Structure formats: C-alpha cells, structure tokens
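Examining the three-dimensional arrangement
Now for the letters of each chain:
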Amino acid sequence: MSTDSRGVVSQFDFEALANQLLEQGLTASPADLHGCIVGLLAAGASHEAEAGLAALHESLDVYLHGELAEQVLALYQATAGALADDEFDFYPLLLDDSADLASRTAALASWCRSFLSGYAHASAATGQQLSALPQDSSEVLRDLAAIAEADTDDIEEDEDSERAYAELTEYIRFAALNAYADRLVGVAAENTADPQRSLH
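Residue positions are given per chain, counting from 1 as you read along its sequence in written order. In keeping with the model being predicted, local features are shown solely for residues with a pLDDT of at least 70 and side-chain atom pairs are shown and tallied solely at 80 or more, while totals for entire chains, interfaces and linings include all residues. Excluded from the side-chain calculation are hydrogens and water; included are all heavy atoms of the structure.

Things to note about helix H3 (residues 49-60)
For H3, which comprises twelve residues, the first-to-last C-alpha distance of 16 Å matches the rise-based estimate of 16 Å (1.5 Å per residue) to within 8%. Exposed residues in this analysis have more than 50% of their type's maximum accessible area, buried residues have under 20%, and partly exposed residues fall in between, with area computed by a 1.4 Å probe over protein chains only. Secondary structure follows DSSP: runs of H or I at least 4 residues long count as helices, runs of E at least 2 residues long count as strands, and numbering of each begins at the N terminus. Among all positions of H3, only Ala49, Gly52, Leu53, Ala55, Leu56, His57 and Ser59 are buried. We call two residues in contact whenever any of their non-hydrogen atoms come within 4.5 Å of each other. Next to the buried residues of H3 lie helix H2 (30-42), helix H4 (66-84) and helix H5 (101-126). Phi for Asp61, located one or two positions after H3, is positive at around 60 degrees. For a helix, the expected span equals 1.5 Å multiplied by the number of residues minus one.

Encoded structure:
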C-alpha cells in the first residue's frame, strides 16, 4: 500500500502494479491503466468492472490475466465509486512523491494520454459525438491533450517546478470529476427528453 501528499487511494500501490505489468511483458504503466479507466467512466462506460476491463483491453491493447487482472478489476470498481462520490474523493493514480519530478511528470502525461484514449473509446461505443460535448468537457479534453505533450527533458528539481506539478495534478483531478459530472447531466437530460431510454 502507498499514500502520497495528494491522498492517492492507498490500497493500490503504483510500484507493485508496475512490477506486475512488467512481469506480464506489458509496457503500459499503472498511470496508463488508471487514466484510461477514468476516461472510459467519464465518457459513460459501464460501472461493471468486467465490462470496464474489456473496454480497457480494447482502448490500450493490453490483455491482463491472473492476479493483475483482479487488481485492475478492483481498481476499476474503486475508481467508479470515487468519481461518483459526493465528497470528491477521487485522485489520479500516479507515482508517489519519492520519485524524481521528471518521472512523475512523464507519468502524469501518460495518464492524460490514456484518459483521452479511454474517453474516445467509450464515446464511440455510446454514440456520443465529441464535437457535441458541453463546453466544459471540450475544454477538459483540450487541456489534457496539452498536458499529455509535456516535455520532461528540461525539468528542474526546484520549488517552482514542484508547485507547477502539484497544480497540474490537482487540475486533472477536478477536470476528470467535471467531465464525469457533465456526462451524468447529459444522460439525465436524454432520459428526461425520452423516458423510454431510462427503462433500458
């Protein structure tokens, strides 16, 4: 278990998951998996963990088995619960603060790239047109796309850089929550317009 200053869900250890991914010969990181999971859920993917795991496979082209698959199923369920929590008890799963800043920034960028992959996959599966998204969600996708391109070559280990990194992690936390909330509002509006939709 691990906890960092952002309060990342403690039952999921980034390094342990990373080691399990390596053991299965996968290049994806825990940040990739979690970013994709959050993107899927924010775009309306099922909260059912098995369906989420299948969507994760398709979005990132990763196939998990054994204990790792069980861990990711649990991560999916915990993430769905955290996004839906009224207390905003959601945090992105990233490297903890003992890692160097360049590595943490690279993981953050990977999280954002994978969020976009998951979001696009779930949007296509639900028939949601990205061009018709609410303004807030459109801005979130644009901002995460910019963060995904973060340059880690010239990052300095100083207070200003640490502060900027902390602000980015907090931004993506609330960006994800806002995108998820936008989708819930959209679904509610669709169900109000067509009551038959809510019966299925």
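Describing the packing of H2 against H5
The packing of two helices is summarised by the inter-axis angle and the distance between the axes. Note on method: axes are straight lines fitted to C-alpha atoms, helices fitted across the in-contact stretch only, with angles between N-to-C directions ranging 0 to 180 degrees. It is at 6 Å that the axes of H2 and H5 come closest, and there the two elements cross at 35 degrees. The crossing of H2 and H5 is right-handed. Between H2 and H5, the contacting residues are Ala31, Asp32, His34, Gly35, Cys36, Val38, Gly39, Leu40 and Ala42 on the first element and Ala107, Ser110, Trp111, Ser114, Phe115, Gly118, Tyr119, His121 and Ala122 on the second. Take the far helix as the reference: if the near one is turned anticlockwise from it by less than a right angle, the crossing is left-handed, and if turned clockwise, right-handed.

What to know about the confidence of the model for the protein chain
Per-residue confidence for the protein chain gives a mean pLDDT of 86, with 86% of residues at or over 70. Mean pLDDT across the elements of the protein chain ranges from a minimum in helix H7 (residues 159-193), with 83, to a maximum in H2, with 97. Segment residues 1-9 is flagged for pLDDT under 50; beyond a separation of four residues in sequence, or across chains, it makes 26 contacts in the model. A residue's pLDDT is simply how confident the predictor is in it, with values from 0 to 100.

A word on the packing of aromatic side chains
Only Phe, Tyr and Trp rings are paired, with Trp represented by its six-membered ring, and only when their centres lie within 6.5 Å; those with planes under 30 degrees apart are stacked, over 60 edge-to-face, the remainder tilted. The final tally for this structure, using the stated rule, is three aromatic pairs. Seen in terms of ring centroids, Phe88 and Phe174 are 6.3 Å apart; in terms of plane orientation they differ by 55 degrees. Their pairing is tilted. Note that Phe88 is positioned in the loop between H4 and H5 and Phe174 in helix H7, a separation of 86 residues in sequence. Ring geometry for Trp111 against Phe115: centres 5.8 Å apart, planes inclined by 20 degrees, an arrangement best described as stacked. You can see Trp111 and its partner Phe115 sitting in helix H5, four residues apart, about one turn around the helix. As far as the burial class goes, Trp111 and Phe115 line up, both buried. Grouped by ring-pair contacts, the aromatic residues Trp111, Phe115 and Tyr119 constitute a single cluster. For Arg104, the ring lying beneath its charged end belongs to Tyr165, and the centroid distance is 5.2 Å. Charge over a ring is defined by NZ of Lys or CZ of Arg lying within 6 Å of the ring centre and within 35 degrees of the ring normal.

Re the side chain of Ser110
Examined against the element boundaries, Ser110 turns out to sit in helix H5. Engagement of the side chain of Ser110 in a polar contact is seen with the side chain of Arg113, the distance being 3.0 Å. We call two N or O atoms a polar contact when they sit within 3.5 Å, provided that within protein one can donate a hydrogen and the other can accept it, with sequence-adjacent residues counted only if both atoms are side-chain atoms.

A look at the environment of Leu133
Note that Leu133 resides in the loop between H5 and helix H6 (135-148). Classification of Leu133 as buried rests on a relative accessible area of 10%. Through-space distance from the C-alpha of Leu133 to that of Asp182 is 8.7 Å; in sequence the pair is 49 residues apart. Those residues in contact with Leu133, other than ones at most four positions away along the chain, are Tyr119, Gln128, Ser138 and Leu141.

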